[in-house]
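# Working through the structure, step by step
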Amino acid sequence: MAYAQVLSGIYSISFSQVESGINHKKQTQVCMEMHKDKYSISSEHSTMKIPHVLSVAGSDSGAGAGIQADLKACAARGVYCSTVITAVTAQNTVGVQGVDIVSDDFVAKQLRSVLSDMQVDVVKTGMLPSVTVVNILHQNLREFPVRALVVDPVMVSTSGDVLAGPSILTGFREELLPMADIVTPNLKEASALLGGLKVETISDMRSAAKLLHDMGPRNVLVKGGDLPDSLDAVDIFFDGEDFYELRSSRLKTHNTHGTGCTLASCIAAELAKGSSMLLAVKAAKCFIETALDYSKDIVIGNGPQGPFDHLLRLKRNIRKSYGQDRFNPNDLFLYAVTDSGMNRKWDRSISDAVKAAIEGGATIVQLREKDIETRDFLEAAKSCLEICRHHGVPLLINDRIDIALACDADGVHLGQSDMPAHVARTLLGPEKIIGISCKTPEQAQQAWTDGADYIGCGGVYPTNTKANNPTLGLDGLKSVCSSSKLPVVAIGGIGISNAGPVMAMDMPNLKGVAVVSALFDKECVLTETRKLHAVLVETAATIAK
Ligand SMILES: Nc1ncnc2c1ncn2[C@@H]1O[C@H](COP(=O)(O)OP(=O)(O)O)[C@@H](O)[C@H]1O
Ligand SMILES: Cc1ncc(COP(=O)(O)O)c(N)n1
Ligand SMILES: [Mg+2]
């Protein structure tokens, strides 16, 4: 048992390395050896592996940057974060009033405490106040190798205060950059690392990225938050072969204190979850843009450089934590849509209906409650959410973004006349699932542009639940499927007798069927769901042959 665990541990290490494009070939063997004990010990107690980032950085009393930003960023990305504090700063939105450097010995002690005991996936560095600390970190990383090292070469705070003097440059160049999987300097830091080279334009950023890459890191991200006269926030990513110009809109806000720390922590968190480097960087940049947008008007402190809010509007739910994708298209397999009229007819509560559907095999649930008081809807949604979370089944709300937000549901399903999806996305944040009903290839393309996660396509067959709803037939469904990259769930008049032919069309992005009457306009929801589930499983098995 313990040996199998060790093997699976080794497998997961090498697999993630391949996936992440992280090439620690020389260290892999050592890494396995070092982790052997940890895997065999932990296997006796638990098998649940939690992605883990260790942040080695300074504390910011104002909690906008440094260790505090790292903890919040990792929490927002659903990743565990341990901390080694290198310095304590007295800092607020005005500037840095004082710095108390933690002794080298005590930094070493913290590093050993964490690395010798916990299975850290990725180390992210921020403020490193002395070359000795860099030496100590370097030694520890050799003794306790990790999957990836993210180096944010912090030197000066946004307020212009010095956090690490020029002597640190040697440490970065000689020890840390050669072992880094990515280094993330801002314009000033890139310039300092390159001996004062001018880095003021996008073209300079490209040259700097290339020169920094020559110092040994596998990837370089030169951040352009301070790029003068730029309408976009442009960062340059270089992986040693290709350049990528990553653009997001530049938010008009003073609340940008801590963007650099947060970006690096998000990259580390995504890598810890197994993402490739480019995807990790893109996800991190997207997170910064969304978080800055949410926080653009908040006021914390009286100084010119405010912190932003990592968590308040970006609440994640437990179901999506620990490395799972926020949305798994396979969840569309058996999509149960409730109907208040039917529940009333059969005299059952919404939550009883949902519970029975899930027990019968429903893989996602949508509450579609048209004639119900808002307060009652919210209460029902909360109790359904509890049931769904317990079973790991996502819960979506039809149309009512307010209800979805109020109960922290997993997302919404929108019709063509509901709130536009891109507006819904702004309100709900990047983590929530958004589905859109589409009848035509044009609507399907728009859904993709608007940032939807899936398409509900129908009515495939005639149905009583929607009056005057034109029927698309299998041909209409097929043309929507072929015109979009998004996963599709078929809806409209589908039940046990005709679900098979729908799925047998074998369109690669057709992931399942959504049903209302076939489950809920029946005496026993559990039995009907079980029967439909069996039909879907059988069809899937036939297709696979
Ligand atoms: N006003 C803004 N709007 C959108 N993104 C921004 C803004 N300011 C900075 N960013 C982004 O935040 C990240 C951190 O960049 P930057 O501020 O240059 O680093 P640092 O905080 O280390 O100085 C980058 O991805 C950058 O593009
Ligand atoms: C302890 C600490 N670490 C890092 C930064 C840089 O963050 P930013 O460049 O976003 O001000 C900071 N201000 N304080
Ligand atoms: Mg900044």
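Residues numbered from 1 in each chain as written. Chains lettered and ligands numbered in written order. Predicted model: local features only at pLDDT ≥ 70, side-chain atom pairs only at ≥ 80, totals over all residues. Heavy atoms only, no water.

Moving on, we come to the overall build of the chain. When helices and strands are counted, the chain shows 20 helices and 17 strands. For the chain, with 545 residues in total, the buried portion stands at 54%. For the chain, the share of sequence-separated contacts (at least 6 apart) that also reach a separation of at least 24 residues comes to 68%. Working note: accessible area of the chain is about 23500 Å², and carbon and sulfur atoms make up 54% of it. (Helix = DSSP H or I, 4+ residues; strand = E, 2+ residues; numbered from the N terminus. Buried < 20%, exposed > 50% of the residue type's maximum accessible area, 1.4 Å probe, protein only. Contact = heavy atoms within 4.5 Å. Areas by Shrake-Rupley, 256 points an atom, 1.4 Å probe, with all protein chains shown as cover.)

Near ligand 2, the surroundings consist of 15 residues, among which G58, Q91, T158, H257 and G258 are the closest. Q91 is positioned such that a nitrogen or oxygen atom in its side chain is 2.8 Å from a nitrogen atom of ligand 2. At a separation of 3.2 Å, an oxygen atom of ligand 2 approaches a polar side-chain atom of H257. Computed on the free molecule, ligand 2 has an accessible area of 360 Å², of which 94% lies beneath the protein chains in the complex. Elements that contribute at least two residues to the shell around ligand 2 include exactly β1 (52–60) and α9 (259–272). The element best represented in the shell around ligand 2 is α9, accounting for three residues. (Near = heavy atom within 4 Å. Polar contact = N/O pair within 3.5 Å; in protein donor to acceptor, adjacent residues only side chain to side chain.)

Moving on: the confidence of the model for the chain. The predicted coordinates should not be examined in detail at positions where pLDDT is low. On average, residues of the chain carry a pLDDT of 87, and 88% of them reach 70 or more. Considering only residues more than four positions removed or in separate chains, one finds that residues 315–324, a stretch of pLDDT under 50, has 31 contacts. At the level of chain-chain contacts, confidence expressed as ipTM amounts to 0.94, with global pTM at 0.58. (pLDDT = per-residue confidence, 0-100.)

Our next topic: the packing of aromatic side chains. For any pair of aromatic rings, geometry is given as the distance between the ring centres together with the angle between the planes. For the structure shown, the criterion picks out four aromatic pairs. With 5.8 Å between their ring centres and 50° between their planes, F237 and Y244 make a pair best called tilted. Taken together, F327, Y335 and Y454 form an aromatic cluster joined through their ring pairs. (Phe/Tyr/Trp six-rings, centres within 6.5 Å; stacked < 30°, edge-to-face > 60°.)

Turning our eyes to something else, we now look at the sheet that holds strand β10 (residues 334–337). Ordered in space as β10-β11-β12-β13-β14-β15-β16-β17, the eight strands form a closed barrel in which the pairing is parallel. Here the strands of the sheet are splayed against their neighbours by 25° on average, with no regard to which way each runs. In this sheet, strand β16 (residues 488–491) lies alongside strand β15 (residues 454–457) in parallel orientation, the contact comprising three bridges. Bridge pairing in β16 places I455 opposite V488. Strands β14 (433–438) and β15 of the sheet are contacted by helix α16 (residues 441–449), whose axis makes an angle of about 165° with β14. (Pairing = 2+ DSSP bridges. Axes fitted to C-alpha atoms, helices over the stretch in contact; angles between N-to-C directions.)

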